[in-house]
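Reading the structure
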Amino acid sequence: MHDVKQIYYHFLEHHDWKVYIACTVKGLCYVGTEHSSMNELVSCCRKQFPNCDIIENEEKLTPYKNELIEYFEGKRTSFSFTFDIRGTTFQMAVWKALQEIPFGQSRCYSDIAFKIGKPKAVRAVGTAIGSNPIAIVIPCHRVLGKNGTLTGFSGGLDIKEKLLNLEGITYKP
């Protein structure tokens with residue numbers, strides 16, 4: 001018999017920021033931008049935790065919500081809370097490398113591929129970045145094209161631009 005995991009979610013709206021957030025008792029497991037939907041939240045959570053119950057509960061998300069709001073207001077440059085995410089060994093390596101990109105700086109896909117010791121896996125790195133379950137918090141928005149161009153972002157290019165501008169990161173449109 002499989003254990004049923006409780007996933008708590010909330011739709012956070014703060015000024016012009018709108019994000020779906022979800023957590024388990026162990027940590028944050030999902031962040032989706034305003035272009036995501038409740039269906040995407042459910043799909044991502046069930047992919048990571050197949051036997052989960054998804055329950056709306058703003059109170060359980062308070063610590064995550066507070067830090068995200070501080071980030072959106074320019075008062076926070078990193079997050080202190082724990083994550084509870086699942087991915088392949090390769091994805092987890094990519095996501096760890098993304099977390100090491102400092103606030104206000106960017107990297108390109110090949111930088112991440114090199115960082116994880118797979119310099120020829122640039123396309124696979126892009127795919128892993130695109131499947132990051134906690135956008136913003138694991139800063140996939142800090143990854144640009146080789147020549148500093150704005151490239152794909154599963155949360156929407158307009159949101160990527162907004163995040164880069166918030167952090168003062170220059171890019172080529």
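Rules used in this analysis
Residues numbered from 1 in each chain as written. Predicted model: local features only at pLDDT ≥ 70, side-chain atom pairs only at ≥ 80, totals over all residues. Heavy atoms only, no water. UniProt positions renumbered as here; feature names shortened; annotations may be inferred. Phe/Tyr/Trp six-rings, centres within 6.5 Å; stacked < 30°, edge-to-face > 60°. Lys NZ or Arg CZ within 6 Å of the ring centre and 35° of its normal. Disulfide = S-S within 2.5 Å. Buried < 20%, exposed > 50% of the residue type's maximum accessible area, 1.4 Å probe, protein only. Pairing = 2+ DSSP bridges. Helix = DSSP H or I, 4+ residues; strand = E, 2+ residues; numbered from the N terminus. Axes fitted to C-alpha atoms, helices over the stretch in contact; angles between N-to-C directions. Contact = heavy atoms within 4.5 Å. Parallel < 35°, antiparallel > 145°, perpendicular 65-115°, else oblique. Nonpolar A, V, L, I, M, F, W, Y, C, P; charged D, E, K, R; others polar.

As recorded in an unreviewed UniProt entry, the protein chain goes by the name Methylated-DNA--protein-cysteine methyltransferase, listed as coming from Lysinibacillus halotolerans. As stated in UniProt under Sequence similarities (unreviewed entry), the record for the protein chain gives "Belongs to the MGMT family."

1. What to know about the packing of aromatic side chains
Taken as a whole and judged by the stated rule, the model has eight aromatic pairs. Taken together, the ring pairs in this structure connect Trp17, Tyr64, Tyr71, Phe72, Phe79, Phe81, Phe83 and Phe103 into an aromatic cluster. The ring of Tyr8 carries Lys60 above its face, with NZ or CZ at 5.0 Å from the centroid. The aromatic ring of Trp17 is capped on one face by Lys162, whose charged end is 4.2 Å from the ring centroid.

2. Focus: the state of the cysteines
In total, this model carries zero disulfides according to the counting rule given. Residue Cys29 stays outside any disulfide, its sulfur separated by 4.1 Å from that of Cys45, the closest cysteine. Residue Cys29 is classed as buried on the basis of its relative accessible area, which comes to 0%. Here Cys52 stays unpaired: no disulfide links it, and the sulfur of Cys45, its closest cysteine neighbor, is 5.9 Å away.

3. Overview of the sheet that holds strand 4 (residues 52–56)
Overall, mixed pairing links the four strands, which are arranged 3-2-1-4 in an open sheet. Two strands in the sheet have a free side with no partner beyond their single neighbour: strand 3 (28–33) and strand 4. Adjacent strand axes in the sheet meet at a mean angle of 25° when their direction is disregarded. Taken together, the five bridges between strand 2 (residues 17–23) and strand 3 define a ladder with antiparallel strand orientation. Looking across to strand 3, one finds that Val19 is bridged to Thr33. Running over the sheet, helix 1 (residues 38–48) touches strand 1 (5–14), strand 2, strand 3 and strand 4 and is turned about 145° from strand 4.

4. Focus on the packing of helix 3 (residues 89–99) against helix 5 (residues 122–130)
It is the contact of helix 3 with helix 5, at a shortest axis distance of 9 Å, that shows an interaxial angle of 80°. Here helix 3 lies roughly perpendicular to helix 5, going by the angle between them. Residues Phe90, Gln91, Val94, Trp95 and Leu98 of helix 3 form the contact with helix 5, whose own contacting residues are Ala124, Val125, Ala128 and Ile129. Across the contact of helix 3 with helix 5, the residue classes tally to eight nonpolar, one polar and no charged.

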